Amino acid sequence: MDFGFGLSPSSAVTLDRVDLSLYRKLEELNPDIRTCIACGSCSATCMAAEYSGMSVRKLILNIQRGADVSKMLSCCMLCGKCTMVCPRGINTRKVILDCCRYFK
Amino acid sequence: MRERIASGFDPFVLPFLVGMAFVLLYCFFGALRVLWQLPREDRRRFLLSLFIPATAWKNVKDIFLNCLLHVKLWKRNPVLGYMHSSIAFGWFMLIVLGHLEVYLFVPSRLHLFYYPIFFNYFVAGADMSLQGAFLFFLMDLFLLVVLSGITLAIIKRIRSDIFGMRRTTRASLVDTVGMYALWSIFPLRLLAEGFTAGISGGSFLIKPLNWLLEVVFGTEFLQNGANMLPTWWAYSIALFVFMVVLPFSRYMHIPAEMMLIPMRNAGLRIRHPRRGFALMEVYSCPGCGVCIDACPMSVKKGNLKDCTVYLNRQIRRGNEKRIEEISDKCLLCGKCTEVCQVGVEGPALRIAQRSRKEYGLSPDYAAVDVGRLSAAVADSPEVLYFAGCMTQLTPSISRSVCSVLDKAGVKYRWMDRTEGLCCGRPMLQAGRFAQAKEMVRRNTAIIKSSGAKVLLLSCPICYKMFKEHYKLEGIEVVHHSVYFDRLRTTGKITLTKGDLCYAYHDPCELGRGCKVYDEPRNLVGTAAYIVEAGVSREASICCGGSLGSISLSFEAREAMTRNALDNLCKGHPDAIATACPLCLSTFSRYSEIPVRDIAEVVDASCQG
């Protein structure tokens, strides 16, 4: 509930109203994103984090919550460091490419 | 010598004529289509190149050596080389000599397309003169050569392992039809000429066959001209079947390669995955399947249908789903191109395929502050060091590089120590050219503003990208293995020989990609002992970690890495040396012996 008096915008997520079609598509193409343990290794190594706040951990989380990911993806260089460090072996580069591909 | 058939015609030549007309028209319009699909400047360049004497001579020479004599194949596998050149060159000589016979004996028939092919049927006593007997001898000789090639081809079909091929392609239906037609053409020709040899004359091959047939069928049977017709019909129909299926089978490579060679010599390259030059490469694929054994993904019988030969087949069939799957999976190591006799560029075809994908979201890098990054490298000394993304995950490499530079007294600035951009190659390999270009533009601005004269790189992926896609006038792009070897030869660093024995792994992008093979070996050879891997240099096996692949999972890559490691450990080395941070981290994951970068090896044995 937002009464309009807050200093920062509301971060409440109403999952009933969220459009999860992108997440469903990603999950179908990359079932391994379910195994993400949100350890943040990808965030720590990301080359683009400096410029656009990119992080695969956050990317997956935001898509699950229906939040916008276009800003963080705007500087991803597909360098593959996140894939190299992922302890779950998630093919993050494919997740990013699929996300860009099916983004509406 | 006289002509046996006054009209110079018999209905059995019709299947051959129809087949020949079909294949010629098909190839003519196919060539026109490819020409029309080429971008305007490429088309001009190609057509002009045909009139440059040096290029035209090279075209003729390459076509003769590669399409007829198969010289490249001879070098790789002499038995396969003999098999292919005996059929191609033998058949070519049969056609040329056939024309020569007609020209010498019945020049009035030279305008008839079929006369040289069925010469023996239409003449009588052609071997009476010395000239005729000699030509007949040559004809029999080349027929024997072709038949020996066909025999090898049949043996190869049953036991390809005898020829050193572990796996070959699964032939499609139309390929099988074409293959049986090709196999039957020459035995049928032998049989037909054997039936006629009593009348037309012959040499050491068809004359004895005629005697044999005489024993079986009786002299009277053979004297009757009508009795020899069925074999001539069969020969003509076999030619018809072969020529009708040719455009739809792998045998299309025969005419296609003759056009691919001049196009390549003109300097054309793939610009569109399904048009122009790419189409020419796809049709030039002979479907031999050499790339299957070469492909690092094919270990343990995995991904067998994802090799370049199958990509070409699916592109010809227009199977979009499979084309995308195959294109996305490939490691882009370039080994298939290295072993390909025709030089089909598997990786370039795949990258072009990837570039056709449409995206709902495209990075623009507007938020990257080039000014700040440029300020960080301003007034840099002569050497600018760009470690690259992968090196940042293997700090032992960058530490060693800096240590060696310090020992050699080289002044340098580390460009991406705290932050930086990717070189753009992974994005380029994913087929997103516009994004890669944006990165190239930004990096170029940063590097040019630094004032450095040498751009030193630790990662072969970056090295290839900077070498080929950046325009850095006045700045030398160099990989650390080459640079260190130069420091060694100029005496800036001295290496003491240790007692370890290394196997050197050629990274795909440095070896096949940039042709750097000797400098790293010189360094390892000076700093330690070196033992060659099972296969190395151009044949080196990809570590399996390549960023080229988009869809290969972490688990699927393990078998490839282990296979590459087995190959490296063939000579029982104490440790493995490589020159790529990605190979280093991939191998380190599964290797039982230590894996070191060339910089670490140099640093460990280096005095300033």
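Reading guide: rules and limits
Residues numbered from 1 in each chain as written. Chains lettered and ligands numbered in written order. Predicted model: local features only at pLDDT ≥ 70, side-chain atom pairs only at ≥ 80, totals over all residues. Helix = DSSP H or I, 4+ residues; strand = E, 2+ residues; numbered from the N terminus. Contact = placed C-beta atoms within 7 Å. Rg over C-alpha atoms; globule rule 2.2 N^0.38 Å. Expected span 1.5 Å × (residues − 1). Buried ≥ 20, exposed ≤ 12 C-beta atoms within 10 Å, placed from the backbone. pLDDT = per-residue confidence, 0-100. Core = buried A, V, L, I, M, F, W, Y, C linked by C-beta atoms within 7 Å. Domains from an automatic or database assignment. Pairing = 2+ DSSP bridges. Right-handed = clockwise from strand over helix to strand, strands pointing away. Axes fitted to C-alpha atoms, helices over the stretch in contact; angles between N-to-C directions. Parallel < 35°, antiparallel > 145°, perpendicular 65-115°, else oblique. Left-handed = near helix turned anticlockwise from the far one by under 90°. Nonpolar A, V, L, I, M, F, W, Y, C, P; charged D, E, K, R; others polar.

Draft legend 1. Representation of the overall build of chain B in the model. Scanning chain B from N- to C-terminus turns up 29 helices and 12 strands. Seen through its principal axes, chain B has C-alpha atoms that stretch 95 × 55 × 45 Å. A separation threshold of at least 6 residues defines the contact pool for chain B, and within that pool the share at least 24 residues apart is 75%.

Draft legend 2. Layout of the overall build of chain A. What chain A contains, in helices and strands, is 7 helices and 0 strands. Counting from the amino terminus, helix and strand elements in chain A follow one another as α-α-α-α-α-α-α. Taken against the 2.2 N^0.38 rule, which gives 13 Å for 104 residues, the C-alpha radius of gyration of chain A at 14 Å falls within 12% of a compact globule. A principal-axis box enclosing the C-alpha atoms of chain A has dimensions of 45 × 30 × 25 Å.

Draft legend 3. Representation of helix 7 (residues 130-158) of chain B. Residue and element names in this part refer to chain B. Taking 1.5 Å of rise per residue, 29 residues should cover 42 Å, and helix 7 covers 42 Å from first to last C-alpha, within 8% of that figure. Every buried residue belonging to helix 7 is among Gly132, Leu135, Phe136, Met139, Asp140, Phe142, Leu143, Val145, Val146, Gly149 and Ile150, and all of these are buried. On its buried face, helix 7 sits against helix 5 (78-105), helix 8 (173-200) and helix 9 (206-217).

Draft legend 4. Molecular detail of the interface of chain A and chain B. Of the residues lining the interface, 27 residues belong to chain A; the matching set on chain B comes to 27 residues. The set of elements that each furnish at least two residues to the side of chain A that touches chain B consists of helix 3 (49-52), helix 5 (70-73), helix 6 (81-85) and helix 7 (92-102) of chain A. If one sorts the elements of the side of chain A that touches chain B by residue count, helix 7 of chain A sits on top with 6 residues.

Draft legend 5. Here's a closer look at the confidence of the model for chain B. Summing up the model confidence of chain B, the mean pLDDT is 92 and the portion of residues at 70 or higher is 100%. For this predicted complex, the interface confidence score (ipTM) comes to 0.91, while the overall pTM stands at 0.90.

Draft legend 6. Just the nonpolar core, in detail. Of all hydrophobic cores here, the largest spans 204 residues; its most connected members are A:Met77, B:Val524 and B:Val602. At 10 residues, the largest contribution of residues to this core is made by helix 8 of chain B. Once you skip the residues sitting within four places of it in the chain, B:Val524 turns out to touch B:Tyr502, B:Tyr504, B:Ile530, B:Ala577, B:Ile598 and B:Val601.

Draft legend 7. Quick look at the domain arrangement of chain B. Residues and elements named next belong to chain B. Per the domain assignment, the segments of chain B are domain 1 (2-21 + 52-248), domain 2 (256-354), domain 3 (370-486) and domain 4 (493-607). Between the C-alpha centres of domain 3 and domain 4 the distance comes to 22 Å. On the domain 4 side, the residues contacting the 28 residues of domain 3 number 27 residues. Elements with a minimum of two residues in the side of domain 3 that touches domain 4: helix 20 (389-392), helix 21 (395-408), helix 22 (425-429), helix 24 (460-469) and helix 25 (480-489). Looking at the side of domain 3 that touches domain 4, the element that brings in the most residues is helix 21, giving 8 residues.

Draft legend 8. Looking closely at the pairing of strand 6 (residues 476-479) of chain B. All names here are of chain B. Sheet topology places strand 5 (residues 454-457) next to strand 6; 4 bridges connect them, and they run parallel. Bridging from a neighbouring strand, Leu457 pairs with His479 of strand 6. The handedness of the strand 5 to strand 6 crossover, carried by helix 24, is right-handed.

Draft legend 9. Representation of the sheet that holds strand 9 (residues 529-531) of chain B within the structure. Residue and element names in this part refer to chain B. As summarised here, the arrangement of the 4 strands in space is 9-8-10-11, forming an open sheet in which the pairing is parallel. At either end of the open sheet lies a strand with only one pairing partner, and these are strand 9 and strand 11 (595-597). On average, each strand axis in the sheet is tilted by 40° relative to the strand beside it, whichever way the strands run. With respect to the sheet, helix 28 (residues 581-590) is in contact with strand 10 (575-578) and strand 11, its orientation differing from that of strand 11 by roughly 170°.

Draft legend 10. The arrangement of helix 28 of chain B in detail. Of all the residues in helix 28 of chain B, the buried ones are B:Pro581, B:Leu582, B:Cys583, B:Leu584, B:Thr586 and B:Phe587. On its buried side, helix 28 of chain B packs onto helix 20, helix 21, helix 24, helix 27 (554-568), strand 10 and strand 11 of chain B.

Draft legend 11. View of the packing of helix 12 (residues 253-265) of chain B against helix 13 (residues 277-284) of chain B. All names here are of chain B. Remark: helix 12 packs on helix 13, axes separated minimally by 8 Å, with the N-to-C direction vectors making an angle of 140°. Classed by the angle they form, the pair helix 12 and helix 13 counts as oblique. Our pair here, helix 12 against helix 13, has a crossing hand that is left-handed. Every residue of helix 13 that contacts helix 12 at His253, Ala256, Glu257, Met259, Leu260 and Met263 is listed here: Phe277, Met280, Glu281, Tyr283 and Ser284. Of the residues belonging to the contact of helix 12 with helix 13, the class tally is 7 nonpolar, 2 polar and 2 charged.

Draft legend 12. Main features of the sheet that holds strand 3 (residues 383-386) of chain B. Residue and element names in this part refer to chain B. The strand order 4-3-5-6 describes an open sheet built from 4 strands, whose pairing is parallel. Across the chains shown, the open sheet's two edge strands, defined by having one partner strand only, are strand 4 (412-414) and strand 6. When strand polarity is set aside, the average angle formed by the axes of neighbouring strands in this sheet is 25°. Packed on one face of the sheet, helix 25 meets strand 5 and strand 6 and runs near 90° to strand 6.

Draft legend 13. Just the pairing of strand 5 of chain B, in detail. Note: strand 3 of chain B against strand 5 of chain B, 4 bridges, orientation parallel. Each residue of the ladder has a partner; that of B:Val383, found in strand 5 of chain B, is B:Val454.

Draft legend 14. Region of interest: unusual backbone geometry. With a phi angle near 50°, B:His70 is a residue other than glycine that sits in the positive phi range. Considering the arrangement of structural elements, one finds B:His70 in the loop between helix 3 (53-68) and helix 4 (71-76).

Draft legend 15. Structural context of the environment of B:Leu349. All names here are of chain B. Note on placement: Leu349 falls in helix 18 (residues 346-354). Considering only alpha carbons, one finds Leu349 and Glu476, 127 residues apart in sequence, at a separation of 30 Å. Apart from residues lying up to four places away in sequence, Leu349 is in contact with Ile270, Pro273, Ala278, Glu281 and Leu311.

Draft legend 16. Spatial organisation of the environment of B:Ala238. All names here are of chain B. Turning to its location among the elements, Ala238 is positioned in helix 11 (residues 229-245). Its 23 C-beta neighbours within 10 Å are what place Ala238 among the buried residues. Each C-alpha atom, one on Ala238 and one on Arg189, is 9.5 Å from the other, the two residues being 49 residues apart in sequence. Excluding anything up to four places from it in sequence, Ala238 contacts Ala181, Ser184, Ile185 and Leu188.

Draft legend 17. Quick look at the packing of helix 8 of chain B against helix 9 of chain B. Residues and elements named next belong to chain B. Two elements in contact, helix 8 and helix 9, have axes whose closest approach is 7 Å; the angle formed by their N-to-C orientations is 75°. If you check the angle between helix 8 and helix 9, you find them roughly perpendicular. Facing Leu190, Glu193, Gly194, Phe195, Ala197 and Gly198 of helix 8, the residues of helix 9 in contact are Ile206, Lys207, Leu209, Asn210 and Leu213. For the contact of helix 8 with helix 9, the residue count by class is 6 nonpolar, 3 polar and 2 charged.

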